[in-house]
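Listed below, chain by chain, are the residues.
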Amino acid sequence: MMNKKILVVEDERSIADTLIYTLEKEGFDPTRVPTISGAREAIGSSEFAAIILDVGLPDGNGFEFCKELRRNSNTPVIFLTARNDEIDKVVGLEIGGDDYVTKPFSPREVTARLNAILRRVSAPRKSSLGAGFQVDTEKRRITFNDVSLKLSRYEYGILELLLNRPGQVYSRQQIMEHVWETPDMSLERTVDTHVKTIRSKLKDIEPKDEILITHRGIGYSVKD
Ligand code: CA
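Below, the structure is looked at part by part. Just so it is clear, the model here is predicted, and its values are computed rather than measured.

**Points about the overall build of the chain**
- Counting its regular elements, the chain contains eight helices and 13 strands.
- The buried share among the 224 residues of the chain stands at 44%.
- Surface summary for the chain: the accessible area is close to 11,800 Å², and the carbon and sulfur share equals 48%.

This is the structure we're talking about:
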């Protein structure tokens, strides 16, 4: 059964109340904490399907907390942001948020986004891809020749995409559109950087094998 536990980190009582009410009505099992320290504690003792995270919290900043979280967790994070100009940061590379809603928002908007994210991460698929890869989409883990790869979230996203269709060449833009929540042309170079890192991680395991292929001026593929 799908984990329906949602952590709501929000210090404004009225907003938290509305969210909890809506989430319960939608069949979720929400837990509410008003602070980052409360969130740390909750995450330490329970596994959540997703986290709804306010940015301005009494004991710190939601962005910073998300970065901290991303060091060892892929749990989807939806930000509650007060200002439009925070949005770029939210889904930017360094924060690792999955989505956002801008205050004031309707509770329906939050649950719609939540459902969309949960649909995306559910549907576990373990597949064997011939070239020694195994992808566990639920845990967002990829093993190569039985070695578990230590991948950042973007590295995982890129490799998972390429492994879906070995031999198929994906352009940087296609990769961005699939992997980044807000694809931005100016970030295309970061695809190269991530691919480089993935390649060196694969080389650590199979130094002689050219698994990730660069198609100059076109894009990338994995060997089929
Ligand atoms: Ca707040």
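From this point on, the discussion continues.
**Considering the sheet that holds strand E3 (residues 50-54)**
- Read across the sheet, five strands follow the order E2-E1-E3-E6-E7 without closing on themselves; strand pairing throughout is parallel. On the outer flanks of this sheet lie strand E2 (29-33) and strand E7 (99-102), each paired with one strand and no other. Looking at each pair of strands side by side, their axes are set apart by 20 degrees on average, direction ignored.
- Bridge analysis of E3 against strand E6 (residues 77-81) gives four bridges, and the strand direction is parallel. In the strand pairing of E6, aspartate 54 is matched with leucine 80.
- Taken strand by strand, helix H3 (residues 62-70) contacts E3 and E6, and its axis lies near 170 degrees from that of E6.
- Its contacts with the sheet place helix H5 (residues 107-121) against strand E1 (5-9), E3, E6 and E7, and it is angled at close to 175 degrees to E7.

**A closer look at the packing of aromatic side chains**
- One pass over the full model with this rule turns up three aromatic pairs.
- Between phenylalanine 63 and phenylalanine 79, the ring centres sit 5.1 Å apart and the planes meet at 65 degrees, which makes this aromatic pair edge-to-face. Of this pair, phenylalanine 63 sits in helix H3 while phenylalanine 79 sits in strand E6, and the two are 16 residues apart along the sequence. In this structure, phenylalanine 63 and phenylalanine 79 share a single accessibility class: buried.
- Aromatic pair tyrosine 154 and tryptophan 180: ring centres 4.5 Å apart, planes at 20 degrees, arrangement stacked. A residue pair is termed long-range when its members are at least 10 positions apart, and tyrosine 154 in helix H6 (residues 153-164) and tryptophan 180 in the loop between helix H7 (172-179) and helix H8 (188-205) qualify at 26 residues.
- Owing to a relative accessible area of 4%, tyrosine 154 belongs among the buried residues under this scheme.
- Sitting over the face of the ring of phenylalanine 28, lysine 4 holds its NZ or CZ atom 4.8 Å from the ring centroid.
- Above the plane of the ring of tyrosine 154 lies arginine 153, whose end atom (NZ or CZ) is 5.3 Å from the centre.

**Description of the packing of helix H2 (residues 36-45) against H3**
- Close contact between H2 and H3 brings their axes to 11 Å; oriented N to C, the two are set at 25 degrees. The angle between H2 and H3 places the two elements in the roughly parallel class. In the packing of H2 onto H3, the handedness of the crossing is right-handed. The residues of H3 that touch H2, namely those facing Ile36, Ala39, Arg40 and Ile43, are Gly62, Phe65, Glu68 and Leu69.
- Among the residues forming the contact of H2 with H3, the class breakdown is five nonpolar, one polar and two charged.

Conventions used here
- Residues numbered from 1 in each chain as written.
- Predicted model: local features only at pLDDT ≥ 70, side-chain atom pairs only at ≥ 80, totals over all residues.
- Heavy atoms only, no water.
- Helix = DSSP H or I, 4+ residues; strand = E, 2+ residues; numbered from the N terminus.
- Buried < 20%, exposed > 50% of the residue type's maximum accessible area, 1.4 Å probe, protein only.
- Areas by Shrake-Rupley, 256 points an atom, 1.4 Å probe, with all protein chains shown as cover.
- Pairing = 2+ DSSP bridges.
- Axes fitted to C-alpha atoms, helices over the stretch in contact; angles between N-to-C directions.
- Contact = heavy atoms within 4.5 Å.
- Phe/Tyr/Trp six-rings, centres within 6.5 Å; stacked < 30°, edge-to-face > 60°.
- Lys NZ or Arg CZ within 6 Å of the ring centre and 35° of its normal.
- Parallel < 35°, antiparallel > 145°, perpendicular 65-115°, else oblique.
- Left-handed = near helix turned anticlockwise from the far one by under 90°.
- Nonpolar A, V, L, I, M, F, W, Y, C, P; charged D, E, K, R; others polar.

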